[in-house]
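A structural walkthrough
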Amino acid sequence: MGNKRLVVLVSGEGSNLSALLAAELGGRVELVVSDRPGVGALERARGAGVPTATVILEDCPDRATWDHALLDMVSSPEPDLVVLAGFRRILAPSLVRRFRVLNVHPSLLPAFPGNRAVEQALAWGVKLTGVSVHFVDEQVDHGPIVAQQVVAVEPGDTPATLHARIKQVEHRLLPHCVALACQGRLHVEGRRVTVLG
Ligand code: GRF
């Protein structure tokens, strides 16, 4: 296990979190932060003995207060890298500018950004979709792409069956990219990410 410090942000089931916790990353997950109480991801973190926190928008008087509380919470372990593993809110520019942030998205960006990417791809009738891991910038699902992998749409796929196959790919690709980041092997120039060494 390496010495990089990671914070993982979650909102849901947490299968990508589990993949990260099971992988050899060259870093340690110091804290898992959720914007929702009672989600599976928090249970998974606790089960692995990782500290957790929740920062809930509905508990804050306004969005700016929530943004500030999230920034404070994420900053507390002084992470080298922040990973969005199924986090369903847009980060404030203050957080994005302060930390390197990676996100996993269930489509081949720039196709189908935003919510319900799997449903959008099925509705469009694409034959190929997939997974993108990218750095986060101030726009939604927009930052420089680290890696992508294709998943074929099968006849008879539903959003659930397609998403299940996409998640299998996510569970390999996200830890791989996080490990590269922990090893300092991701060089970003404009929109282009090069893997060093
Ligand atoms: C993943 O498909 C991810 O790409 C998307 O949200 C889903 C999270 O799943 N952003 P899980 O919570 O990691 O199981």
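Here, the structure is the one placed above.
Anyway, here's the lowdown on the structure attached to this text. Values in this document were obtained by computation on a predicted structure and should not be read as measured data. (Residues numbered from 1 in each chain as written. Predicted model: local features only at pLDDT ≥ 70, side-chain atom pairs only at ≥ 80, totals over all residues. Heavy atoms only, no water.)

**Notes on the overall build of the protein chain**
When you go through the protein chain residue by residue, the secondary structure sums to six helices and nine strands. A globule of 197 residues ought to have a C-alpha radius of gyration of about 16 Å, and the protein chain, at 16 Å, matches this closely. By its C-alpha atoms, the protein chain is 45 × 45 × 35 Å across when sized along the principal axes. The buried share of the protein chain, taken over its 197 residues, is 49%. A separation of at least 24 residues holds for 59% of the contacts in the protein chain among residues at least 6 apart in sequence. Working note: accessible area of the protein chain is about 9,600 Å², and carbon and sulfur atoms make up 52% of it. When the 20 basic and 20 acidic side-chain charges of the protein chain are each reduced to a single mean position, those positions are 4 Å apart. (Helix = DSSP H or I, 4+ residues; strand = E, 2+ residues; numbered from the N terminus. Rg over C-alpha atoms; globule rule 2.2 N^0.38 Å. Buried < 20%, exposed > 50% of the residue type's maximum accessible area, 1.4 Å probe, protein only. Contact = heavy atoms within 4.5 Å. Areas by Shrake-Rupley, 256 points an atom, 1.4 Å probe, with all protein chains shown as cover. Lys, Arg positive; Asp, Glu negative; His and termini not counted. Charge placed at Lys NZ, Arg CZ, Asp CG, Glu CD.)

**Notes on the packing of helix α1 (residues 15–22) against helix α2 (residues 40–47)**
With their axes 9 Å apart at the nearest point, α1 and α2 run at an angle of 20° to one another. By the angle between their axes, α1 is roughly parallel relative to α2. In the packing of α1 onto α2, the handedness of the crossing is right-handed. In this structure, α1 uses S15, L17, S18 and L21 to contact α2, whose residues at the interface are A41, R44 and A45. (Axes fitted to C-alpha atoms, helices over the stretch in contact; angles between N-to-C directions. Parallel < 35°, antiparallel > 145°, perpendicular 65-115°, else oblique. Left-handed = near helix turned anticlockwise from the far one by under 90°.)

**A word on the side chain of E30**
Inspection of the secondary structure assignment puts E30 in strand β2 (residues 27–34). The class of E30 is buried, set by a relative accessible area of 15%. Apart from the residues within four sequence positions on either side, E30 is in contact with R5, L6, V50, P51 and P77.

**What to know about the environment of Q120**
Mapping Q120 onto the fold places it in helix α5 (residues 117–124). Placed 13 residues apart in sequence, Q120 and S107 show a C-alpha to C-alpha distance of 9.4 Å. A polar side-chain atom of Q120 sits 3.1 Å from the main-chain carbonyl oxygen of P113. (Polar contact = N/O pair within 3.5 Å; in protein donor to acceptor, adjacent residues only side chain to side chain.)

**What about the site of the ligand?**
In the vicinity of the ligand, the contacting residues are G12, E13, G14, S15, N16, G86, V104, H105, P106, H163, K167 and E170. Separating an oxygen atom of the ligand from a backbone N or O atom of V104 is a distance of 3.3 Å. Between the ligand and K167 there is a distance of 2.7 Å, counted from an oxygen atom to a side-chain nitrogen or oxygen. With the chains in place, 90% of the 370 Å² that the ligand exposes on its own is no longer accessible. (Near = heavy atom within 4 Å.)

Any functional reading would require information that these geometric values do not contain.
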